Structure formats: C-alpha cells, structure tokens
Amino acid sequence: MNNISPKMQNQIAMLQQVQQQLQTIMQQKMNYEMSVKEAKKAEEELKTVSDDAEVFVMVGSVMMQKDKPKVTEDLADKVETLELRVKSLEKQEKALQTKFEQLQAQIKSAFEGGQEMAI
C-alpha cells in the first residue's frame, strides 16, 4: 500500500467501514426477521386453543399465566413493532449497499485509470 495515495487509502478504509456496517445491519435484520417468524408462529398456535385455555408466557426467567386475549394482543403488537424495525433496517441496508457500490466503483475506476478519485 506504499504506492497508493493517502486519498485512495482513505477511500479503501471507507469502503471497509461501509462493508462492516452493512454486515452488521444484515445480521440485525436477520435476527429481527427470525423474531417476527417466531411471534407469528406463536400467534398461529394461539388460534388453535380456546379463549379460556391456560396460556403461559415467559417474563424474563419466570413463566407466568396470562389471559389468551391479552397474550394475543401483546403478540400482535410485538409483530408490528418487529416488522417496523425490519423495514427500517431494510432502508439502512439499501442505503449502505448503494454507498458501498459507489465507493467500490470509484476505487476500481481509480485503480484501472491510475487516477485520483474525487471525495
């Protein structure tokens, strides 16, 4: 990297930083998507039991009995919140992906053309 200009080194460092941010966002999105899937599965299971059935939920490390309608409502709220978070992360992911591709193209162009890049 000795014969690479400081400006180019800075661009490469920025590219690596964006790549790391993108990977973090993608991992977070995957985790939230899994949580949505689990919550929706719980909603489906709740539909199969009667309204007066005993329903238990985990609260931290304690299992508590709650009314089915309240649990159903809480799950619906949870799914909605998680889906909003997934959408937010998708927007961040798209923005970072675009930035990554632009930086990558600039670096590639500079290396191929042997010219300096505009910041």
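Residues numbered from 1 in each chain as written. Predicted model: local features only at pLDDT ≥ 70, side-chain atom pairs only at ≥ 80, totals over all residues. Heavy atoms only, no water.

(A) Region of interest: the packing of helix α1 (residues 6-47) against helix α2 (residues 68-113). At a closest axis distance of 7 Å, the pairing of α1 and α2 adopts a crossing angle of 160°. With respect to α2, the element α1 is oriented roughly antiparallel. When you trace α1 past α2, the crossing you get is left-handed. (Axes fitted to C-alpha atoms, helices over the stretch in contact; angles between N-to-C directions. Helix = DSSP H or I, 4+ residues; strand = E, 2+ residues; numbered from the N terminus. Parallel < 35°, antiparallel > 145°, perpendicular 65-115°, else oblique. Left-handed = near helix turned anticlockwise from the far one by under 90°.)

(B) The arrangement of α1 in detail. With 42 residues, α1 extends 62 Å between its outermost C-alpha atoms, agreeing within 8% with the 62 Å of an ideal straight helix rising 1.5 Å per residue. Looking at α1, one finds that the buried residues are Met 8, Gln 11, Ile 12, Leu 15, Val 18, Leu 22, Ile 25, Lys 29, Val 36, Ala 39, Glu 43 and Leu 46. Where α1 is buried, its residues touch β1 (55-59) and α2. (Expected span 1.5 Å × (residues − 1). Buried < 20%, exposed > 50% of the residue type's maximum accessible area, 1.4 Å probe, protein only. Contact = heavy atoms within 4.5 Å.)

(C) Region of interest: the confidence of the model for the chain. Mean pLDDT over the chain: 91, with 93% of residues reaching 70 or higher. Confidence, expressed as mean pLDDT per element, reaches its minimum in the chain at β1 with 92 and its maximum at α1 with 95. (pLDDT = per-residue confidence, 0-100.)

(D) Representation of the UniProt feature "coiled-coil region" (unreviewed entry) in the chain within the structure. Under the local residue numbering, the UniProt record ascribes the feature "coiled-coil region" (unreviewed entry) to residues 8-106. Within residues 8-106, the helical portion is 80% and the strand portion 10%, while the C-alpha atoms at the span's ends are 10 Å from each other. (UniProt positions renumbered as here; feature names shortened; annotations may be inferred.)

(E) Summary view of the nonpolar core. Counting 13 residues, the largest nonpolar core has Met 8, Leu 15, Val 18, Leu 96 and Ile 107 as the members making the most contacts within it. At the level of elements, α1 and α2 are the ones that each hand at least two residues to this core. Excluding residues that lie within four positions of it along the chain, Leu 15 makes contacts with Phe 100, Leu 103, Gln 104 and Ile 107. Formed by seven residues, the second largest nonpolar core is a distinct cluster that contains Ala 39, Leu 46, Leu 75 and Val 79. (Core = buried A, V, L, I, M, F, W, Y, C linked by side-chain atoms within 4.5 Å.)

(F) Structural context of a nonpolar patch on the surface. Together, Phe 56, Met 58 and Met 63 line one region of the surface with nonpolar side chains, adding up to about 340 Å² of accessible area. By relative accessible area, Phe 56 is classed as partly exposed at 44%. (Patch = residues over 30% accessible without salt bridge, like charges linked within 9 Å, V, L, I, M, F, W, Y side chains within 5 Å. Areas by Shrake-Rupley, 256 points an atom, 1.4 Å probe, with all protein chains shown as cover. Salt bridge = Lys/Arg side-chain N within 4 Å of Asp/Glu carboxyl O.)

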